[in-house]
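Descriptive structure summary
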Amino acid sequence: MKKIRLFAAAAVVVSILAGCGGESKGMDYGGGQEADYSPWLSGNSTTSDGGYYIANEAPAAGMTDEMWETEALPDWNTEEYNALEESNFKSVKNSPISTFSADVDTASYTNLRRMIEDNYSIEDIPAGAVRIEELLNYFKYDYNLPTGSEPFGVTTVIGDCPWNEDAKLLQIGLKTEEIDFSEAPPSNLVFLLDVSGSMDSADKLPLLQSAFTMLVDELTEKDRVSIVTYAGSDKVLLEGEKGSNKTEIAEVINNLYASGSTNGSAGIETAYRLAEENFIEGGNNRIILATDGDLNVGTTSESALKELVTEKREAGIFLSVLGFGTGNLKDNKMETLADNGNGNYAYIDSRGEAKKVMVEEMGATLVTVAKDVKLQIEFNPAYIKGYRLIGF
């Protein structure tokens, strides 16, 4: 009986995660409440920040002309998320092996937390925003460390499934050795920063500046920093600066301002070029892209962006993505960039979250231990009838 339980625990690990969430609404306004303003839009003027102003209707009783001309309708919510397809149960007799990739993203948790704090209802939360593996990845666990020459330790947990009394829920956790960033190999970092007009918001560019200043404080003499900004075009503001020159790097970051359109693909190309020119053999060569993901000039489709970063990652340069802001967050594009750039994707909604990502977890998120990790679990049909992979 003991042998059966041990095997079941190993199997349960694969089916760890579960997806949920309502359908995505086409238009919502911060708190998730919908309104139909389409009858008002014909002939109305728009502002540079996307706000609509009533111009063709008679003012309401008691409203002055000045009040009437300056009353803005709420901005449209144009956030985008990938569609999720829930896995069905598979027969162990016909498909005994489950294969999946390792994932270290955490963006979904922070983004969902933001929606809940903004009083979104369950129905107004896009289904694609709920990625169970990222909700679990956000927290720290007492997982087993690797032993001997193993690259990672394995922890398995099996228990009753809360929503299905006829099934068990299986979780598997992987953990590498603890990484002290101060003792890690030298880093060649390229900060690729979105300074387009859509970043002109308190929860975007100012928060970005605060986050990257925190990261700069952790760098040392052995590290190198380049800074590329992009809006309508890309600009190189810093190239190969020593990490110990913290004041100079921070000054460049803090002098940024937002304006213009968003040609992210041009910035990505330039960032990879700088990373290649300052490449550190055996070091941590990484681009850190910070954006709301609203790419509207140049290469903008998910497939084209995927092709771009997939080709570039072969040079040993990884791409991590940090998401900021609300209203026009392009979660789908940022997730695609990070997944195919061999990097991680995090969403930053506060200074506290910036410290968590950029300081407390820097070693875990910026130092690569293994890439393109694939895992396989084989189920024994003598003990397991079927399984369903919920997340990874």
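Up top is the structure.
The notes below deal with the structure included here. (Residues numbered from 1 in each chain as written. Predicted model: local features only at pLDDT ≥ 70, side-chain atom pairs only at ≥ 80, totals over all residues. Heavy atoms only, no water.)

Further remarks concern the pattern of salt bridges. Enumeration according to the criterion identifies 14 salt bridges in this entry. In the salt-bridge network here, residues are joined through shared partners; they are R131, E134, D331 and E335. (Salt bridge = Lys/Arg side-chain N within 4 Å of Asp/Glu carboxyl O.)

Turning next to helix α5 (residues 205–216). Here α5 is 12 residues long and its end C-alpha atoms lie 16 Å apart, about the 16 Å a rise of 1.5 Å per residue gives. When you tally the buried positions in α5, you get 11 out of 12 residues, the bulk of the element. Of all the positions in α5, only L205, L207, L208, Q209, S210, A211, F212, T213, M214, L215 and V216 are classed as buried. (Helix = DSSP H or I, 4+ residues; strand = E, 2+ residues; numbered from the N terminus. Expected span 1.5 Å × (residues − 1). Buried < 20%, exposed > 50% of the residue type's maximum accessible area, 1.4 Å probe, protein only.)

So, on to the nonpolar core. Note on soluble globular proteins: their nonpolar side chains tend to be buried together. Counting residues in each nonpolar core, the largest one holds 34 residues, and the members touching the most others are F191, F212, I227 and L322. Here this core gets eight residues from one element, more than from any other, and that element is α5. The contacts of F212, once residues within four sequence positions are left out, are F191, L193, I253, I288, A290, L322 and M358. By size, the runner-up hydrophobic cluster in this structure holds 32 residues, among which are Y81, I125, I132 and L337. (Core = buried A, V, L, I, M, F, W, Y, C linked by side-chain atoms within 4.5 Å. Contact = heavy atoms within 4.5 Å.)

One can describe the packing of α5 onto helix α6 (residues 246–254) by two numbers: an axis separation of 10 Å at closest approach and a directional angle of 170°. Relative to α6, the element α5 is oriented roughly antiparallel. When α5 is examined against α6, the residues Q209, F212, T213 and V216 are found in contact with a partner set consisting of K246, I249, A250, I253 and N254. Each residue belonging to the contact of α5 with α6 can be placed in one class, and the counts come to five nonpolar, three polar and one charged. (Axes fitted to C-alpha atoms, helices over the stretch in contact; angles between N-to-C directions. Parallel < 35°, antiparallel > 145°, perpendicular 65-115°, else oblique. Nonpolar A, V, L, I, M, F, W, Y, C, P; charged D, E, K, R; others polar.)

Further remarks concern the environment of L174. Within the fold, L174 resides in strand β7 (residues 168–175). Classification of L174 as partly exposed rests on a relative accessible area of 30%. Those residues in contact with L174 that lie beyond four places of it in its chain are Y143, F152, G153, V154 and L375.

Now for the pairing of strand β10 (residues 234–242). Sheet topology places strand β9 (residues 224–230) next to β10; six bridges connect them, and they run antiparallel. Its bridge partner lying in β10, I227 is registered against L238. Taking the residues that link successive antiparallel strands as the turn, the β9-β10 hairpin has three residues. (Pairing = 2+ DSSP bridges.)

Looking now at the sheet that holds strand β11 (residues 284–291). Reading across the sheet, the six strands line up as β10-β9-β8-β11-β12-β13 and stay open at both edges, with mixed pairing between neighbours. At either end of the open sheet lies a strand with only one pairing partner, and these are β10 and β13 (345–348). Strand after strand, the sheet turns through a mean of 15° between neighbouring axes, direction not considered. The strands touched by α5 within the sheet are β8 (187–194), β11, β12 (318–324) and β13, with β8 carrying the most contacts at an inclination of about 170°.

Next up on the list: the packing of aromatic side chains. The tally for this structure, following the rule as stated, stands at six aromatic pairs. Relative to F139, the ring of Y138 has its centre 5.2 Å away and its plane inclined at 80°; by these criteria the two rings are edge-to-face. The class of Y138 is buried, set by a relative accessible area of 9%. Geometrically, the ring pair formed by F191 and F212 is edge-to-face, given 4.8 Å between the ring centres and 65° between the ring planes. Here F191, found in strand β8, pairs with F212, found in helix α5; they are 21 residues apart in sequence, far enough to count as distant. Linked through ring pairs, Y109, Y138 and F139 together constitute an aromatic cluster. (Phe/Tyr/Trp six-rings, centres within 6.5 Å; stacked < 30°, edge-to-face > 60°.)

The next subject is the side chain of K356. Residue placement: K356 occurs in helix α10 (residues 351–360). Within the structure, K356 has its side chain in polar contact with the backbone oxygen of Y138 (distance 3.4 Å). (Polar contact = N/O pair within 3.5 Å; in protein donor to acceptor, adjacent residues only side chain to side chain.)

All right, on to helix α9 (residues 331–340) then. A large share of α9 lies buried, amounting to nine of its 10 residues. Considered for burial, the residues of α9 that qualify are D331, N332, K333, M334, E335, T336, L337, A338 and N340.

This part is about unusual backbone geometry. One non-glycine residue, N119, lies in the positive phi region at around 70°. Classification of N119 by relative accessible area gives exposed; the value is 63%. One non-glycine residue, N342, lies in positive phi territory at about 55°. Turning to its location among the elements, N342 is positioned in the loop between α9 and β13. With a relative accessible area of 16%, N342 lands in the buried category.

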